[in-house]
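An overview of the molecular structure
What follows is each chain in one-letter form.
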Amino acid sequence: MENSERDVDEAAMQSSSARKNGGWITFPFIIATMAGLSLASGGWTSNLIVFLINEFNMKSIKAAKVYNVVNGLTSLFPILGGIIADSYLGCFSVIWISSLISALGILLLLLTAAIDVLRPAACDDGSSLCTSPSKHQYAVLYVALGLASLGVAGTRFTIAPMGANQFDKPKHQAIFFDWYIFAFYTSFAISTTAIVYVEDNISWSWGFGISLACNILGLAMFLAGKRFYRHVKEQGGSPFINLARVIVAAIRKWRVPLSEQTQNYYHGTSDTTTTTTSPVPTKLFKFLNSAAFITEGDSKSDGSIRNPWRLCTVQQVEDLKSLIKLSPLWASGLLISTQLVMQTSLLILQALKMDRHMGPHFEIPAGSMLVFIMLFTCIMISIIDGLLYPFLAKYTRFSITPLQRIGIGHVLTIVSMAVSALVESRRLRLVRSHHLQGQNGAIVPMSVFWLVPQLALNGIGEGFHFPGHMGFYYQEFPASLKSTSTAMVALFIGIAYYIGNGLIDLVQRLSGWLPDNINDGRMDNVFWLCCVLGSANFIYYLVFSSLYKYKNMDNKPDDVPSK
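Note that the coordinates shown come from a computational prediction; the quantities given were computed from them, not determined experimentally.

**Considerations on the overall build of the protein**
A count of helical and extended segments in the protein gives 14 helices and 2 strands. Expressed as a percentage of the 563 residues in the protein, the buried residues total 54%. Total accessible area on the protein stands at roughly 24700 Å², and carbon and sulfur atoms take up 64% of it.

**Quick word on the packing of aromatic side chains**
Across all of its chains, the model carries 19 aromatic pairs by this definition. Seen in terms of ring centroids, F184 and Y185 are 5.1 Å apart; in terms of plane orientation they differ by 80°. Their pairing is edge-to-face. Accessibility expressed as a relative area gives 7% for Y185, which makes it buried. Ring centres of F472 and Y548 lie 5.5 Å apart, and the angle between their planes is 70°; this geometry places the pair in the edge-to-face category.

**With respect to the packing of helix α9 (residues 314-352) against helix α11 (residues 402-433)**
Orientation of α9 relative to α11, taken along the N-to-C sense of each, is 30°, at an axis distance of 11 Å. Between α9 and α11, the angle is such that the two are roughly parallel. For the pair α9 and α11, the sense of crossing is left-handed. Residues L329, S332, I336, Q339, L340, Q343 and Q350 of α9 pack against L403, G409, H410, T413, I414, S416, M417, S420 and E424 of α11.

**Description of the packing of helix α4 (residues 91-114) against helix α5 (residues 135-165)**
The contact between α4 and α5 brings their axes to 7 Å, and the two run at 150°. Here α4 is positioned roughly antiparallel relative to α5, judged by the angle of their axes. The way α4 lies across α5 gives a crossing that is left-handed. For the contact of α4 with α5, a count of residues per class yields 21 nonpolar, 9 polar and no charged.

**Quick look at the pattern of salt bridges**
All told, the structure shown has 4 salt bridges when counted by the stated rule. Of the charged contacts in the structure, one is a salt bridge between E363 and R356, with a shortest N-O distance of 3.9 Å. Owing to a relative accessible area of 36%, E363 belongs among the partly exposed residues under this scheme. The class for R356 is buried, based on a relative accessible area of 13%. We note a salt bridge from R522 to D524, for which the minimum N-O separation is 2.8 Å. Taking relative accessible area as the criterion, R522 reaches 34% and is therefore assigned partly exposed. For D524, a relative accessible area of 3% gives the class buried.

**Description of empty space enclosed by the protein**
Applying the stated criterion to the full structure yields 2 cavities of 30 Å³ or more. If you add up the space inside the largest cavity, you get close to 550 Å³. What lines the largest cavity is a set of 26 residues, and nearest its centre among them are F184, Y185, E462, I493 and Y497. When residues of the lining of the largest cavity are traced back to their parent elements, those giving at least two are α3 (60-89), α5, α6 (170-201), α9, α10 (371-395), α12 (452-476) and α13 (482-510). Among the residues forming the lining of the largest cavity, the class breakdown is 15 nonpolar, 9 polar and 2 charged.

**Comments concerning a nonpolar patch on the surface**
A surface patch of nonpolar side chains, about 540 Å² in accessible area, is lined by Y88, L89, W96, I97, L100 and L223. Among the secondary structure elements, those contributing two or more residues to the nonpolar patch are α3 and α4. At 3 residues, α4 tops the list of elements feeding residues into the nonpolar patch. Here L89 is to be found in helix α3. In this structure L89 comes out as partly exposed when scored by relative accessible area, which is 43%.

The rules we used
Residues numbered from 1 in each chain as written. Predicted model: local features only at pLDDT ≥ 70, side-chain atom pairs only at ≥ 80, totals over all residues. Heavy atoms only, no water. Helix = DSSP H or I, 4+ residues; strand = E, 2+ residues; numbered from the N terminus. Buried < 20%, exposed > 50% of the residue type's maximum accessible area, 1.4 Å probe, protein only. Areas by Shrake-Rupley, 256 points an atom, 1.4 Å probe, with all protein chains shown as cover. Phe/Tyr/Trp six-rings, centres within 6.5 Å; stacked < 30°, edge-to-face > 60°. Axes fitted to C-alpha atoms, helices over the stretch in contact; angles between N-to-C directions. Parallel < 35°, antiparallel > 145°, perpendicular 65-115°, else oblique. Left-handed = near helix turned anticlockwise from the far one by under 90°. Contact = heavy atoms within 4.5 Å. Nonpolar A, V, L, I, M, F, W, Y, C, P; charged D, E, K, R; others polar. Salt bridge = Lys/Arg side-chain N within 4 Å of Asp/Glu carboxyl O. 1 Å grid on protein atoms, 1.4 Å probe; cavity = no way out; pocket = protein on both sides within 12 Å on 5 of 7 lines; lining within 4 Å. Points joined across faces, edges and corners; volume = space filled by probe spheres on them. Patch = residues over 30% accessible without salt bridge, like charges linked within 9 Å, V, L, I, M, F, W, Y side chains within 5 Å.

In structure tokens:
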């Protein structure tokens, strides 16, 4: 009997030790997975515009719009992956299934590059004399892009909450998010240089083949760490259904007079995990409190709910309130992302019209210019995590909150757009002075490195606001929606790609700023427009961030700084 008890105690101690150190044990597996999958996705997305123009004879603006649609899908689909992970399958299953789907999509892209019949006859720069792709060629291309996008979406932002779930302390979770984004951007930077160089100078088949190999390697690393992961139990039903029930129940009982007595509100049965920070619903959005108010016939004799569409728990009501509180701040992410979308999609068109030579024999691929954004993002994250935070902790009593970090990112993004406008103005002056208007293939005698300052500001800004957004939403979202929390960042990025497309369509319809040959347009005015929109959005953000109060900040002074 004593031996049995000793075995139980030892097992409990081992379990506790594994749980305590599990985050750091799983850390290399998750980061390696992120690195492999990011190398794969960067290999086919970063040079997609050039691929569509050169191999599928698309006009430059149409190729940019397809690029925005693809990036929109990779950013919109994560919300679906988050919901499935939170509700049914869990993060682990969503990640490995999505990795297989992305591998299939990249394989189809590889086939379009390798098999001549799957793409139109070769042509230069999407000229009107070129042969357009057939319906079957378009079908294979779009199926490949759809599968690859779906796979990327199911992994990229689902890996983030799974990695954070391995840690208990918000401080360690914040460190993980910084390194997660560092791995993501570093891998993407490598792919936009090395793999893009292979695509431009050897063959598209080799480039997509390397991407496929990286995808498979990332999946293998993820599966190798399976025995070490802490698996968070899925809900067994959609938490979004619970939120909908709160709205329906509140509407059905909106005339019921409420009380301040805790026994009049439903907290769940003893076998359900419905812990809440308040025994009575908070007064914020008080009209929702009726959803948890017990009226005659709402519960059974054993205390369970008779009709979940008429009575909800206090925790479910508070979860919905927290999402409503977050929604104005989430909306501010739409325009900051739209600015970045416009800059990155138009950047490649600029680079194609500029001198990309680095020495007499080497020409920088246009798609590789994106590497400067990632490079400066990684540098900034390293400075913030390795220098700024330790310095503030050691020498001052000041600490940067997640919302302040996001706000700094807003400012830097606006400045980046202004610099973009100034650089484009100079490029257009050279176009006019060298009489290059109307010449479709004309290259402006201006080094592509003039684009680096705006990309540096863009990257530094992302080093502030991207990890800030992810950490903020993971911290503030309800516990039942942790996998969905980081996907909400992807959601506003995805919507921003479609807003960017809509803005391009609007500009083309109302002005001559964005013709197919950008040397004949006024792209600088587009950047100034984005600058104005970003400034208005920043003012909006300042108002709502100043009104927001963090959850449970008073008892987390060391791990999560208060405002």
